[in-house]
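If you want the building blocks of each chain, they are given just below.
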Amino acid sequence: VAISDYESAISLKQDFIEAYSNLAQLQLKKGKKKEAFIIFYKILEIDSRHVHTYFNMAHLFKEVGQIDSAVKAMMSIKNIDPSYEQIDGWIIHYELFASKWDNYHTNLQDLKDKLAKFKFVSNPFIALTSIDDPLLQYNAARQYVRNKGLESSLKNKKLKYNNSKIRIGYYSSDFFKHATAYLMAELFELHDKDKFEIYGFSFGADIEDEMTTRIKNSCSHFHQVDNLNGEEIAHLSRQCNIDIAIDLKGYTRNARPSIFSHRAAPIQVNYLGYPGTMGNPNIDFIIADETIIPKINQKFFSEKIAYMPNCYQVNDRHRKMSTDTPKRKDYGLPANGFVFCCFNYNYKITPEVFDSWARILKNVDGSVLWLLHDNFHSSSNLIQ
């Protein structure tokens, strides 16, 4: 119905950019990327300087593997509006995805200088993955919170329930075959059900696979809330009398930090998915260890730190090892020689890291480096 309404609006006003933009987003929700691209190009025919359309196109280009086009779209934004929010961080992030390092050090230093002056130039995730200075990471998080209005709702801070069992809510979009679920599956099962009630709040796609089933079976209650906004999910949480709300997403993809700005529970915790500070006074604790957060860095976290004695990261002991032993020749690897490998996304590979790997390869005769082929542009640039 919404699609036909937007199409009707466009037929009445051919240059109705907002209708085009909303129509494109609806097409993306339906998985129709080609149709979304057509709409985006139509918007640029109407207004060639519409920066938000370039921003949406950049993300879509990356999603379909056209990283070079994604970088160009981000650069178009920078050329049209150098003050566009977070654009400096996005350019670095996307150029790292393409392993395009021509301007890397200059751009990174510029980003650091701006973050030191407390400017809103990068989202927290990009700062966390690009910069190793905890003060600048904290500045990025605080600016994000302020600019997105995430600290504005401190009502319900004094919530207190008299539940017979402590109710713990876990919030994520990744309750399916995803790294978070693979790590956490057994944790849900190990809660003492005589003392705790476990609630799952899933705001990801309504996927049903064996991981989803396993997590649902280990929860006392499971809510699929992808159709609700952050405030509505927080309201539902209060209706459920959740004592402790645990955010498993932080500022990673598909995160919903607004849930916790509206106080889903008296105690709110950042755990696992984002081992950096949220910079948000609504998040009371972060669960960590002394490797993730050395005690000297506590001052750069807005949360109180709950240290685990050994390692903060849980892992499922029941995961089965594959019975399929891959053969070197199946992957184009040499029959002999040591194989170094890294299957992280390419945005984590910086010039300094790659130089270190190259020095190691030169010192180990016959060795090779096996990397994830994330996109053509990155692979080509790394080989060069």
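Above: the structure in question.
An account of the accompanying structure is given in this report. Just so it is clear, the structure is predicted and the values come from calculations on it, not from any experiment. The residue numbers shown here count from 1 along each chain, following its written sequence. It should be noted that, the model being predicted, local features are given only for residues of pLDDT at least 70 and side-chain atom pairs only at 80 or more, the latter also being counted only at that level, while totals for whole chains, interfaces and linings use all residues. Each side-chain value is derived from all of the structure's non-hydrogen atoms; neither hydrogens nor water enter the calculation.

## What to know about the packing of helix α4 (residues 51–63) against helix α6 (residues 87–97)
As a packed pair, α4 and α6 sit with axes 12 Å apart at the nearest point and diverge in direction by 20 degrees. In terms of orientation, α4 lies roughly parallel with respect to α6. When the axes of α4 and α6 are compared, the crossing they make is left-handed. Residue-level contacts link F55, A58, H59 and K62 of α4 to W90, Y94 and F97 of α6. Ten residue types, Ala, Val, Leu, Ile, Met, Phe, Trp, Tyr, Cys and Pro, are classed as nonpolar, four, Asp, Glu, Lys and Arg, as charged, and the remainder, Gly among them, as polar. Each residue belonging to the contact of α4 with α6 can be placed in one class, and the counts come to five nonpolar, one polar and one charged. Angles shown run from 0 to 180 degrees and are taken between the N-to-C directions of axes, each axis being a line fitted to C-alpha atoms and, for helices, limited to the stretch in contact. Counting from the N terminus, the helices are the DSSP runs of H or I reaching at least four residues and the strands are the DSSP runs of E reaching at least two. Angles are sorted into four bins: roughly parallel if under 35 degrees, roughly antiparallel if over 145, roughly perpendicular if 65 to 115, and oblique for all others. Left-handed describes a crossing whose near helix is turned anticlockwise from the far helix by less than a right angle; the clockwise case is right-handed. Contacts are assigned to residue pairs with any non-hydrogen atoms lying within 4.5 Å of each other.

## Some thoughts on the state of the cysteines
Disulfides are defined as pairs of cysteine sulfur atoms found within 2.5 Å of each other. Scanning all chains against the criterion turns up zero disulfides. The thiol sulfur of C219 is not disulfide-bonded, and the nearest other cysteine sulfur, from C240, lies at 12 Å. The classification of residues rests on relative accessible area computed with a 1.4 Å probe and restricted to protein chains. Under 20% of the type maximum is buried, over 50% is exposed, and intermediate values are partly exposed. Residue classification places C219 among the buried positions, given a relative accessible area of 11%. On the accessibility criterion, C240 (11% relative accessible area) is buried.

## Considering helix α12 (residues 230–239)
Residues G230, I233, A234, L236, S237 and R238 constitute the buried set of α12. On the buried face of α12, the contacting elements are β1 (166–172), β2 (196–202), β3 (221–224) and α13 (258–261). N or O atoms within 3.5 Å of each other form a polar contact, as long as, within protein, one can give a hydrogen and the other can take it, and as long as residues adjacent in sequence are counted only when both atoms are side-chain atoms. For α12, the N-terminal capping position is held by N229, with its side-chain oxygen 3.1 Å away from the main-chain nitrogen of E231. Positioned one or two residues after α12, N241 has a phi angle of 55 degrees, which is positive.

## Notes on α6
The element α6 is largely enclosed, with a buried count of eleven among its eleven residues. Residues I87, D88, G89, W90, I91, I92, H93, Y94, E95, L96 and F97 constitute the buried set of α6. Lining the buried residues of α6 we find α4, α5 (67–80), α7 (104–116), α8 (124–130) and α15 (376–383). Count one or two residues on from α6 and you reach S99, which has phi positive near 50 degrees.

## Some details on the sheet that holds β2
DSSP bridges decide pairing: two strands pair if at least two such bridges lie between them. Strand order across the open sheet formed by seven strands is β3-β2-β1-β4-β5-β6-β7, with parallel pairing between neighbours. The strands lining the two open edges of the sheet, one partner per strand, are β3 and β7 (304–307). Shown here is a sheet whose adjacent strand axes are inclined to one another by a mean of 25 degrees, direction ignored.

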